[in-house]
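Residue-level structural notes
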Amino acid sequence: MTAHSPSRGDRRRKAPRRAGMLVSGVVVSVVALGVAAYAVLQPYVVPDDFDGRGRGKVTVRIAPGASASDVGAQLAETGVVASARSFVNETVARAVADRLKPGHYRLRRGMAAGAALDLLLAPGSRIVRRVMVPEGMRVDETLERVAAQSGLPLKELRSADPALVGLPAYARGLEGFLFPATYEVEPGASAVDLLAAMTERFGAAAAEIDLEARAARVHLTPREVVIVASIVQAEGGRDADYPKIARVIYNRLGANMPLQLDTTVLYAQGRRTLKVSESDTKIDSPYNTYLHKGLPPGPVSSPGEKALMAALRPAKGNWYWFVTTDPAHRITKFTDKESEFVRYREELNRYLGTD
């Protein structure tokens, strides 16, 4: 048998087989690429997700400035959601990424991404204690209230270093500078954290009314303005009375008269009462404005913004006395005549049953 080369016809018959094999190879390659692409894209197109509302409890903290991706990664790491991508996709679909707020949240493990997002957007899921501090409280009263509402130890609040809470340069202590407002206390917050938030809120209010610049217009230092405002706040009455009370204080200071204010005497005694006796006005204290002329050495309460504004913008008038003749209805009367003042005091005494 002799060897011979394939004829031209043989080559033509074999060519279609090679072409068929080439096409089959291309199809296999395309399918392989498709499978590989799907494997890569699948977590983005159809990411892992749990079903249902989950079980158990877990606390998650969203840090300030965290993005939806950051939150998703944290939820996935703690087992709340199956994947960060499922959570991110849900926030994008609802267009609520900008509504994710920092704080501590009570969630569950094994939650569908949508269910987890629902809880993060629900105010009731946030773990926080609210502390409400009204105007006119003294520092000891404020700390006791803060301890009761926040759960922070009173001893820790009282021993907090004032140098660490961001007091204004002109302050000499916490009295008068723990701004009355509502504060949110998150898990893990310390006494210094909360007190710093209160003094920061004072700083914001002072900046808003331009306290430091305007103090010179009433011929006082910024700290003296706070002292006047604290007296105005402590004396109470209606908001409209605040500028008038401030005017009485300035008129008496200008006339070199003692202020003779019951609130400063009561502050010195650590008391709260509407009944001040003659013997009370003789106690030995620098806060006794019956015995000592000028302003007391420090604030006697925490003034709110309206009292601070009254100290900076007193009403126009020549009054030297005022008496809250009907405390229940906050009726305060002003006068420039001592005889009228005596009559108003008698009216108050009848109200108190001490005449």
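Keep in mind it's a predicted model, so treat the numbers as computed, not measured.

Right, let's get into the overall build of the chain. Within the chain one finds 13 helices and 6 strands. Within the chain, the fraction of its 355 residues that count as buried is 41%. Sequence-distant contacts in the chain: of pairs separated by 6 or more residues, those separated by 24 or more amount to 64%. When the accessible surface of the chain is split by element, carbon and sulfur atoms take 53% of a total near 19500 Å².

Given a rise of 1.5 Å per residue, 12 residues ought to cover 16 Å, and the 16 Å separating the end C-alpha atoms of helix 5 (residues 139–150) matches this to within 8%. Residues Val139, Thr142, Leu143, Val146, Ala147 and Ser150 constitute the buried set of helix 5. Within helix 5, the buried residues cover an arc of 130 degrees as seen down the axis, which keeps them to one side. Where helix 5 is buried, its residues meet strand 3 (129–132), helix 6 (154–159), strand 4 (182–185) and helix 7 (191–208). Positive backbone phi, at 85 degrees, marks Gly151, one or two positions downstream of helix 5.

Here helix 13 (residues 338–352) contains 15 residues, and its C-alpha end-to-end distance of 21 Å stays within 8% of the 21 Å for a straight helix at 1.5 Å per residue. Residues Tyr344, Leu348 and Leu352 constitute the buried set of helix 13. Along the axis of helix 13, the buried residues cluster in a sector spanning 85 degrees; they form a single face. Where the residues of helix 13 are buried, they touch strand 5 (321–326) and strand 6 (331–335). Two residues or fewer past helix 13, Gly353 is found with a positive phi of approximately 75 degrees.

A separate point is the nonpolar core. Burial of nonpolar side chains together is a common tendency in soluble globular proteins. Counting 60 residues, the largest nonpolar core has Leu195, Leu211 and Val232 as its most contacted members. Ignoring anything within four residues of it in the chain, the contact list for Val232 reads Tyr242, Ile245, Ala246, Ile249, Ala307 and Ala310. Core analysis: the next-biggest nonpolar cluster, separate from the first, contains 21 residues, Ala68, Val71, Phe87 and Leu107 among them.

What follows is about the pattern of salt bridges. The full count for this structure, using the stated rule, is 13 salt bridges. When the shortest N-O distance is used, the salt bridge between Asp118 and Arg94 registers 2.8 Å. Linking Asp118 in helix 4 (residues 113–121) with Arg94 in helix 3 (residues 84–94), this pair joins segments that are 24 residues apart in sequence. Taking the shortest distance from any N to any O, the salt bridge between Asp239 and Lys306 comes out at 2.7 Å. One end of the pair, Asp239, is in the loop between helix 9 (222–235) and helix 10 (242–254); the other, Lys306, is in helix 12 (residues 305–312), with 67 residues separating them in the sequence.

The positions that UniProt labels "site: Important for catalytic activity" (unreviewed entry) are, in the present scheme, Glu235. Structurally, Glu235 can be placed in helix 9. For Glu235, a relative accessible area of 18% gives the class buried. Discounting chain neighbours no more than four positions away, the residues touching Glu235 are Ile245, Leu261, Asp262, Thr263, Phe322 and Thr324.

Glancing now at the packing of aromatic side chains. Taken as a whole and judged by the stated rule, the model has 7 aromatic pairs. Relative to Phe341, the ring of Trp321 has its centre 5.9 Å away and its plane inclined at 25 degrees; by these criteria the two rings are stacked. Taken together, the residues Trp321 in strand 5 and Phe341 in helix 13 connect sequence positions 20 residues apart. Three or more aromatic residues joined by ring pairs make a cluster, and in this case those are Tyr170, Phe177 and Phe202.

Take the side chain of Ser86 next. Its place among the elements puts Ser86 in helix 3. In this structure Ser86 comes out as buried when scored by relative accessible area, which is 5%. Engagement of the side chain of Ser86 in a polar contact is seen with the backbone oxygen of Ser83, the distance being 2.7 Å. Residues in contact with Ser86, not counting those within four places in the same chain, are Pro47, Asp48, Asp49, Val81 and Ala113.

Looking now at the pairing of strand 5. Burial analysis of strand 5 places 6 of its 6 residues in the buried class, which makes it a mostly covered element. Sheet topology places strand 5 next to strand 6; 5 bridges connect them, and they run antiparallel. The partner of Thr324 across the bridge, within strand 6, is Thr332. Remark: 4 residues form the turn of the hairpin made by strand 5 and strand 6, two consecutive strands paired antiparallel; Arg330 in that turn has positive phi of roughly 55 degrees.

Calculation criteria
- Residues numbered from 1 in each chain as written.
- Predicted model: local features only at pLDDT ≥ 70, side-chain atom pairs only at ≥ 80, totals over all residues.
- Heavy atoms only, no water.
- Helix = DSSP H or I, 4+ residues; strand = E, 2+ residues; numbered from the N terminus.
- Buried < 20%, exposed > 50% of the residue type's maximum accessible area, 1.4 Å probe, protein only.
- Contact = heavy atoms within 4.5 Å.
- Areas by Shrake-Rupley, 256 points an atom, 1.4 Å probe, with all protein chains shown as cover.
- Expected span 1.5 Å × (residues − 1).
- Arc of directions from axis to C-beta.
- Core = buried A, V, L, I, M, F, W, Y, C linked by side-chain atoms within 4.5 Å.
- Salt bridge = Lys/Arg side-chain N within 4 Å of Asp/Glu carboxyl O.
- UniProt positions renumbered as here; feature names shortened; annotations may be inferred.
- Phe/Tyr/Trp six-rings, centres within 6.5 Å; stacked < 30°, edge-to-face > 60°.
- Polar contact = N/O pair within 3.5 Å; in protein donor to acceptor, adjacent residues only side chain to side chain.
- Pairing = 2+ DSSP bridges.

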